[in-house]
Amino acid sequence: MALALAREAAEHGEVPVGAVIIRNSDGMVVGKGRNRREENRDPLAHAEIEAISEAARTLGGWRLSGCTMYVTLEPCAMCAGAAVNARLDRIVYGAPDTSGGGYICPSEGVMCEECSQLIKTFFGRRRKMGSVRTVEAKTHDQLRRIAAIADEIWHEYFPPVIGTGQTDYMVEKFCSYEAMKENIRSEGYIYYFVKAEGKDAGYTAVKPDGDRLFLSKIYIYKEHRGKGYARAVIASHTALVRSLGLRSIWLTVNKHNDTAIAAYEAMGFVRSGEVVADIGGGYVMDDYYYELTL
């Protein structure tokens, strides 16, 4: 159960730590928690703290004697102190934390391999994400290259979602070199290559929109999906939002694009509305609005 919570944390970009508190007398789960420091922007939002707080609410008091906490990573000094103050009988952890562990004599090493592998996988992906960067397209040749990337990705990804006819129409209307050039000239769009280890992995486009940043496009080649590259791009756009003093990033996503919707929600975007827009040619865009408030 704690491992499942840790995996959920990783899916949200958090260091994968999960914690579960059990009442010893009957095995009842009285508290659960996962790491939420990034999500809540709170240095105290550790899995153990969340589990302890929920357990106290469940049991109607702060004393958690008669309970055991299971956690995937050795608790830090803060969480170890909270466990002592909550009067927990016992702590069982999986992976050791030699740099930040609280060393409070719990039962250690239970399912150590599984817990350790989760941490290693998470930080391995993060290191790969560190090699991902966005590079602005500033020349005509660069913009033509992005248009070619768009053509490839759209025709690989979108026909099952919106059909081949609408894919062809939208690529020509919105993703051609001429369309991109006009977007830059008249609306202030900025187009970027998504580079991974120096190679083209996709493209993205944004434009300032009042006190928000509109994320118009973010598309990654099939062989690079699932590696955290989109999350790295969102982090880059988040830095731009903060540098411009804006409050959020917003976007539209097709209502049937379940994969993209799940990815945006995992990154903290919240559905804020919906729209059906006539784009000509007998086609409409049937989309949800999503927004990430910073």
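One can find the structure itself at the top, above this paragraph.
Scoring rules and cut-offs
Residues numbered from 1 in each chain as written. Predicted model: local features only at pLDDT ≥ 70, side-chain atom pairs only at ≥ 80, totals over all residues. Heavy atoms only, no water. Buried < 20%, exposed > 50% of the residue type's maximum accessible area, 1.4 Å probe, protein only. Helix = DSSP H or I, 4+ residues; strand = E, 2+ residues; numbered from the N terminus. Arc of directions from axis to C-beta. 1 Å grid on protein atoms, 1.4 Å probe; cavity = no way out; pocket = protein on both sides within 12 Å on 5 of 7 lines; lining within 4 Å. Points joined across faces, edges and corners; volume = space filled by probe spheres on them. Nonpolar A, V, L, I, M, F, W, Y, C, P; charged D, E, K, R; others polar. Pairing = 2+ DSSP bridges. Axes fitted to C-alpha atoms, helices over the stretch in contact; angles between N-to-C directions. Contact = heavy atoms within 4.5 Å. Phe/Tyr/Trp six-rings, centres within 6.5 Å; stacked < 30°, edge-to-face > 60°. Lys NZ or Arg CZ within 6 Å of the ring centre and 35° of its normal. Core = buried A, V, L, I, M, F, W, Y, C linked by side-chain atoms within 4.5 Å.

Enquirer: What's the story with helix α1 (residues 2-11) in this structure? I'm lost.
Expert: Think of an α-helix as turning once every 3.6 residues; residues three or four places apart then point the same way. When we look at burial in α1, the residues that qualify are Ala-2, Leu-3, Leu-5, Ala-6 and Ala-9. Buried residues of α1, viewed axially, fall in a sector of 160 degrees; they line one side. Just past α1, the residue Gly-13 takes up positive phi, approximately 80 degrees.

Enquirer: How should I be thinking about the layout of surface pockets in this particular structure?
Expert: It is the rolling of a water-molecule-sized probe over the atoms that shows where space remains empty. What the second largest pocket holds in volume is close to 220 Å³. Lining the second largest pocket are 15 residues, with Met-1, Ala-2, Leu-3, Tyr-70 and Met-111 sitting closest to its centre. Of all the secondary-structure elements, those providing two or more residues to the lining of the second largest pocket are α1, β1 (18-23), β3 (67-73) and β4 (90-95). Partitioning the lining of the second largest pocket into residue classes produces 13 nonpolar, two polar and no charged.

Enquirer: Any chance you could explain the sheet that holds strand β6 (residues 190-196) here in plain terms?
Expert: Hydrogen bonding along the main chain pairs the strands of a sheet, whether they run parallel or antiparallel. Taking strand neighbours across the sheet as the criterion, the seven strands line up as β5-β6-β7-β8-β9-β11-β10 in an open arrangement whose pairing is mixed. Single-partner strands in this sheet number two, and they are β5 (132-136) and β10 (270-280). Neighbouring strand axes in the sheet, compared pairwise and without regard to direction, differ in orientation by 30 degrees on average. In terms of strand pairing, β5 meets β6 through five bridges, oriented antiparallel. Each bridged residue has a counterpart across the sheet, and for Val-132 the counterpart in β6 is Ala-196. Helix-sheet contacts for helix α6 (residues 140-157) involve β5, β6, β7 (199-209) and β8 (212-220), and the interaxial angle to β7 is about 105 degrees. The strands touched by helix α10 (residues 229-244) are β5, β6, β7, β8, β9 (248-254) and β11 (283-293); relative to β8, the strand with the most contacts, the crossing angle is about 160 degrees.

Enquirer: How should the pairing of β11 be read in this particular structure?
Expert: Regular strands place side chains that alternate from one sheet face to the opposite one. For β9 and β11, the ladder comprises seven bridges, and the chain directions are antiparallel. What sits directly across from Ser-248, in β11, is Thr-293. Summarising the sheet, β10 and β11 pair through nine bridges and their orientation is antiparallel. Paired with Ala-277 across the strands is Met-285, a residue of β11. With antiparallel pairing between neighbouring strands as the criterion, β10 and β11 make up a hairpin whose turn holds two residues, including Gly-281 at a positive phi of roughly 70 degrees.

Enquirer: Can you walk me through the side chain of Thr-167 in this structure?
Expert: Examined against the element boundaries, Thr-167 turns out to sit in helix α8 (residues 164-174). Look past the residues within four positions of Thr-167 in its chain and what remains in contact with it is Trp-154, His-155, Phe-158, Pro-159 and Ile-162.

Enquirer: Explanation requested: the packing of aromatic side chains in the structure shown.
Expert: Two measures describe an aromatic ring pair: the distance that separates the ring centres and the angle between the ring planes. Considering all chains together, one arrives at ten aromatic pairs under this definition. One aromatic cluster in this structure is built from Trp-154, Tyr-157, Phe-158, Tyr-203 and Tyr-219. Cation over ring: Lys-195 sits above Phe-193, and NZ or CZ is 4.9 Å from the ring centre. Over the ring of Tyr-288 we find Arg-271; its NZ or CZ atom is 3.8 Å from the centre of that ring.

Enquirer: Hey, could you run me through the environment of Val-30 in this one?
Expert: The residue Val-30 is located in strand β2 (residues 29-34) in this model. Residue class for Val-30 comes out buried when judged on its relative accessible area of 1%. Taking the C-alpha atoms as reference points, Val-30 and Arg-57, separated by 27 residues in sequence, lie 8.6 Å from one another. With near-sequence residues (within four places) excluded, Val-30 lies in contact with Ile-21, Arg-23, Glu-54, Ala-55, Thr-58, Leu-59 and Cys-67.

Enquirer: I'm lost on the nonpolar core in this one. Help?
Expert: Within soluble globular proteins, side chains that are nonpolar tend to cluster in buried spots. If you look at the biggest cluster of nonpolar residues, it comprises 27 residues, and the most contacted ones within it are Leu-215, Ile-234, Leu-251, Val-253, Tyr-264, Phe-269 and Tyr-290. Secondary-structure elements contributing two or more residues to this core are β6, β7, β8, α10, β9, α11 (258-266) and β11. Look past the residues within four positions of Val-253 in its chain and what remains in contact with it is Ala-260, Ile-261, Tyr-264, Asp-286, Asp-287, Tyr-288 and Tyr-290.

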